[in-house]
Amino acid sequence: MWLLWVLITLTIIKLYNKLTTGKCYCDNIVTGKVVIVTGASRGLGYETALDLARRGAKVIVTCRDDIRGKQAVETIISCTKNKFVRYIQLDLSSLKSVRKFVKEFKSTEAKLDVLINNAGAIFTKRDKTEDGLMRDMQVNHFAPFLLTILLIPILKKSSPSRIVIVSSALHKLGDVSEKWCDTEGYFQAYANSKLCNVLFSNELARRLEGSGVVVNSLNPGQVNTSFYRSSTILEKMRSLVLYTFFKSPEEGAQTSIFLAVSDECDDVSGRYYEDCKESSVSLKAKDKDLAVKLWSMSEKLVKLSPEEVI
Ligand SMILES: NC(=O)c1ccc[n+]([C@@H]2O[C@H](COP(=O)([O-])OP(=O)(O)OC[C@H]3O[C@@H](n4cnc5c(N)ncnc54)[C@H](OP(=O)(O)O)[C@@H]3O)[C@@H](O)[C@H]2O)c1
């Protein structure tokens, strides 16, 4: 009997969550728009790329792994019949890979309408990349920073254009220190990197004012993606809990899609969204001095040349 009550309660919670989650109701078709979605092999990035391909966009799917990337492209093309979806390899744990990606993208595409910095990860083991940066900070902030800065000229040329940065509600627990060292726990390091996403988005919006390029950050909510999966024996029970309380990847992708296609966001920049609505950020995320400090640190650590600085 108790099992029945548990199932009824979980079903009610699931229904409530489904009915209250934010949805992008905009049905804009974006045929011909060129969109990059980082980390589109699975999870939120995959759902975002799938939706944009359905709307007719020319979607560039990126991830680290050629097999996963090509599989994602094949599935998106077969689901949407949009042949203008392709894969370019991008490993954010290598700054060389970021530069290689930008070179390949620029040599094959004449414009860029939307850049969606979605890829991100939480690393339970903390170590450094080949660039000497902490892996979590590089994948979640420094490499997307470099990628975005290198793409600013083409985004400006293609304006009106948009940048969408996927952060997290956990940015509220984050801090910015100059150490970026491995003495912090992985959870704190993840929160720090997500604060960097919001600070970067806000500072970039200020620097791009009047350029026709808008930039906004977002929290997708708690979403049941591979982000939370592991192969323990508790997996099945955990799956049920995640299914009930968390959004599906399709639901989680709604705010990214909204910021990428909705007319409501044409002139909106430097804001933070949740459930397709503007939301509030932490006090630290509003700190302009901290954003400038992070910017200078990031420029130095990713080794931007004087001509690349914006
Ligand atoms: N899920 C949530 O509840 C949640 C909540 C708040 C914020 N977020 C944010 O949402 C974004 C997407 O997360 P998700 O839940 O969709 O996670 P996911 O299912 O684990 O997908 C992550 C994506 O990022 C890519 N990626 C990971 N490491 C990479 C690297 N070094 N270089 C290039 N790509 C890399 C993965 O590609 P590979 O195939 O190469 O591994 C994959 O496509 C992240 O920024 C995350 O911080 C998620």
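So, how was this worked out
Residues numbered from 1 in each chain as written. Predicted model: local features only at pLDDT ≥ 70, side-chain atom pairs only at ≥ 80, totals over all residues. Heavy atoms only, no water. Near = heavy atom within 4 Å. Polar contact = N/O pair within 3.5 Å; in protein donor to acceptor, adjacent residues only side chain to side chain. Areas by Shrake-Rupley, 256 points an atom, 1.4 Å probe, with all protein chains shown as cover. Helix = DSSP H or I, 4+ residues; strand = E, 2+ residues; numbered from the N terminus. Nonpolar A, V, L, I, M, F, W, Y, C, P; charged D, E, K, R; others polar. Expected span 1.5 Å × (residues − 1). Buried < 20%, exposed > 50% of the residue type's maximum accessible area, 1.4 Å probe, protein only. Arc of directions from axis to C-beta. Contact = heavy atoms within 4.5 Å. Pairing = 2+ DSSP bridges. Axes fitted to C-alpha atoms, helices over the stretch in contact; angles between N-to-C directions. Core = buried A, V, L, I, M, F, W, Y, C linked by side-chain atoms within 4.5 Å. Salt bridge = Lys/Arg side-chain N within 4 Å of Asp/Glu carboxyl O. Patch = residues over 30% accessible without salt bridge, like charges linked within 9 Å, V, L, I, M, F, W, Y side chains within 5 Å. UniProt positions renumbered as here; feature names shortened; annotations may be inferred.

**Some points on the site of the ligand**
Piece 1. Every one of the 31 residues lining the ligand counts as a neighbour, but Arg42, Arg64, Arg68, Tyr190 and Thr225 are closest to it.
Piece 2. Note that an oxygen atom of the ligand is positioned 2.7 Å from one of the backbone N or O atoms of Val223.
Piece 3. When the ligand sits alone it has 890 Å² of accessible area, and the protein chains cover 97% of it.
Piece 4. Elements that contribute at least two residues to the shell around the ligand include exactly α2 (43–54) and α6 (186–207).
Piece 5. Class assignment for the residues of the shell around the ligand results in 13 nonpolar, 12 polar and six charged.

**Focus: helix α4 (residues 95–108)**
Piece 1. For α4, spanning 14 residues, the distance from its first C-alpha to its last is 20 Å, which sits close to the expected 20 Å at 1.5 Å a residue.
Piece 2. Where α4 is concerned, the buried positions are Leu95, Ser97, Val98, Phe101, Val102 and Phe105. Take α4 and look down its axis: the buried residues cluster within an arc of 155 degrees, on one side only. Residues Lys96, Lys100, Lys103 and Ser107 are exposed on α4 and point more than 90 degrees away from its buried face.
Piece 3. Looking at the packing, one finds that the buried side of α4 touches β1 (34–37), β2 (58–63), β3 (85–89), α5 (135–157) and α11 (288–301).

**Some details on the sheet that holds β2**
Piece 1. Judged by pairing direction, the sheet is mixed, and its eight strands sit side by side in the order β3-β2-β1-β4-β5-β6-β7-β8 without closing on themselves. Each end of this open sheet is capped by a strand with a single partner; those strands are β3 and β8 (277–278).
Piece 2. Where β2 lies against β3, five bridges are found, and the strand directions are parallel. Directly across from Ile60, in β3, lies its bridge partner Arg86.
Piece 3. Contacting β2 and β3, helix α3 (residues 66–80) crosses the sheet at an angle of about 170 degrees to β3.
Piece 4. Across the face of the sheet, α4 comes into contact with β1, β2 and β3 while running at roughly 145 degrees to β3.

**Description of the nonpolar core**
Piece 1. Within the largest apolar cluster, 54 residues are counted, with the highest numbers of intra-cluster contacts made by Phe101, Phe105, Leu112, Leu151 and Ile163.
Piece 2. Looking at this core, the elements with two or more residues in it are β1, α4, α5, β5 (161–166), α6, β6 (213–219) and α11.
Piece 3. With 13 residues, α5 is the largest single contributor of residues to this core.
Piece 4. Leave out the neighbours within four places in its chain, and Ile163 touches Leu115, Thr148, Ile152, Leu155, Leu204, Leu208, Val213, Val214, Val215 and Asn216.

**Comments concerning the pattern of salt bridges**
Pairing is possible between side chains of opposite charge, provided their charged atoms come close.
Piece 1. Taken as a whole, this structure holds 15 salt bridges when the rule is applied.
Piece 2. For the salt bridge of Glu109 with Lys58, the shortest nitrogen-to-oxygen distance reads 3.1 Å. Separated by 51 residues along the polypeptide, Glu109 in the loop between α4 and β4 (114–117) and Lys58 in strand β2 bring together distant segments of the chain.
Piece 3. With a relative accessible area of 7%, Glu109 lands in the buried category.
Piece 4. Across the pair Glu203 and Arg207 runs a salt bridge whose closest N-O atoms are separated by 2.8 Å. Taken together, the residues Glu203 and Arg207, both in helix α6 and four residues apart, mark about one turn of the helix.
Piece 5. A relative accessible area of 6% places Glu203 in the buried class.
Piece 6. Among the charged side chains, a salt-bridge network with shared partners connects Lys58, Arg86 and Glu109.

**Quick notes on a nonpolar patch on the surface**
Piece 1. Taken together, the side chains of Met1, Leu4, Trp5, Ile8 and Ile12 present a nonpolar region at the surface, about 570 Å² in accessible area.
Piece 2. Mapped onto the fold, Leu4 is located in helix α1 (residues 2–20).
Piece 3. Exposure remark for Leu4: the relative accessible area of 46% places this residue in the partly exposed category.

**Re the side chain of Ser217**
Piece 1. Inspection of the secondary structure assignment puts Ser217 in strand β6.
Piece 2. A relative accessible area of 0% means that Ser217 is categorised as buried.
Piece 3. Those residues in contact with Ser217 that lie beyond four places of it in its chain are Ile165, Val198, Ser201, Leu259, Arg271, Tyr272 and Tyr273.

**Some details on the UniProt feature "signal peptide" (unreviewed entry) in the chain**
Piece 1. When the UniProt feature table is mapped onto this chain numbering, "signal peptide" (unreviewed entry) sits at residues 1–22.
Piece 2. For residues 1–22, the end-to-end C-alpha separation is 34 Å, with 86% helix and 0% strand making up the annotated structure.

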